[in-house]
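Structure assessment
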Amino acid sequence: MKGQMKNALNATREFIGRLPDDAVLQVVDFDTKPRAIEGKSREAILRGIDSIRANGATALNDSILLGVDMLAGADRPVLLVFTDGFDANFDDTGPGSKATKQDVLDRIAQAGIPVFTIGFGKGHDQNTLSRISSLSGGRYYPADDSNALAQVFKTINDTLSSTFTARYNRPEKSRPS
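Below is a summary of the structure that appears in this document. Please read these numbers as outputs of a predicted model, since none were measured by experiment.

Right, let's get into the packing of helix α4 (residues 101-111) against helix α5 (residues 126-136). Axis angle and axis distance: for two packed helices, these are the angle between their axes and the distance between the axes, and together they describe the pair. Where α4 meets α5, the closest approach of the two axes is 8 Å, and the angle between their N-to-C directions is 25°. One element, α4, and the other, α5, form an angle in the roughly parallel class. For α4 against α5, the interelement crossing comes out right-handed. Touching K101, V104, L105, I108 and A109 of α4 are T128, R131, I132, L135 and S136, all from α5. Here the residues of the contact of α4 with α5 sort into 6 nonpolar, 2 polar and 2 charged.

As structure tokens, then:
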């Protein structure tokens, strides 16, 4: 993702800028190991995003587990995973995480947190990202370029911003049996 990082971060900034003012944010940057971005406010996260660089391996599995842990007990949590979809070491000859794909799938199935996954770039692992989303009640989105990524972020933002209220008025008299 090194060559596309600038456009990806710009799309991420736009996504965060469209979130409701009261949204609580937590961001995990990951390459060789996951790193939680300091702060939970929009401003703090936007400052933290400026420090993100495409660097090293991709510890995707460890990062997803950290994200799930960070959201435990949150009100209406949602995990958004934005990646090229491969857990890999520096030279792509092995895993980049200590956790396995099965560890992630097991935790996602138990967590009760919807996970929206975005596979960025032409070579992302659609099968893994789709499986993670379907197990959690989230949704997978492909984004082959920065324009597609901006559209995916808009779609997710619209989905997360929607709230519905259902109301039922019981009849005053019941029907005769």
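What follows covers the sheet that holds strand β3 (residues 79-83). Ordered in space as β3-β4-β5, the 3 strands form an open sheet in which the pairing is parallel. At either end of the open sheet lies a strand with only one pairing partner, and these are β3 and β5 (140-143). Pairs of neighbouring strands in the sheet enclose a mean axial angle of 15°, with direction left out of account. Contacting β3, β4 (115-120) and β5, helix α6 (residues 146-161) runs over the sheet at an angle of about 170° to β4.

Quick notes on the rules
- Here the residue numbers are simple positions, counted from 1 along each chain's written sequence.
- Note on the predicted model: pLDDT of at least 70 is required for a residue's local features to be given, and 80 or more for side-chain atom pairs to be given and counted; whole-chain, interface and lining totals, by contrast, use all residues.
- Hydrogen atoms and water are omitted, and side-chain values are computed over all heavy atoms in the structure.
- Under this scheme, a helix contributes an axis fitted over its contacting stretch, all axes are lines through C-alpha atoms, and angles between N-to-C directions fall in the 0 to 180 degree range.
- Put simply, DSSP marks the helices as runs of H or I at least four residues long and the strands as runs of E at least two long, and each gets a number from the N terminus on.
- Throughout, the term roughly parallel applies to angles under 35 degrees, roughly antiparallel to angles over 145, roughly perpendicular to angles from 65 to 115, and oblique to all others.
- Throughout, a crossing is termed right-handed when the near helix is turned clockwise from the far one, and left-handed when it is turned anticlockwise from it by less than a right angle.
- Here, residues are in contact when the closest pair of their heavy atoms is within 4.5 Å.
- The nonpolar class holds Ala, Val, Leu, Ile, Met, Phe, Trp, Tyr, Cys and Pro. Asp, Glu, Lys and Arg form the charged class, and all remaining residues, Gly among them, are polar.
- By this definition, two strands are paired if DSSP reports at least two bridges between them.

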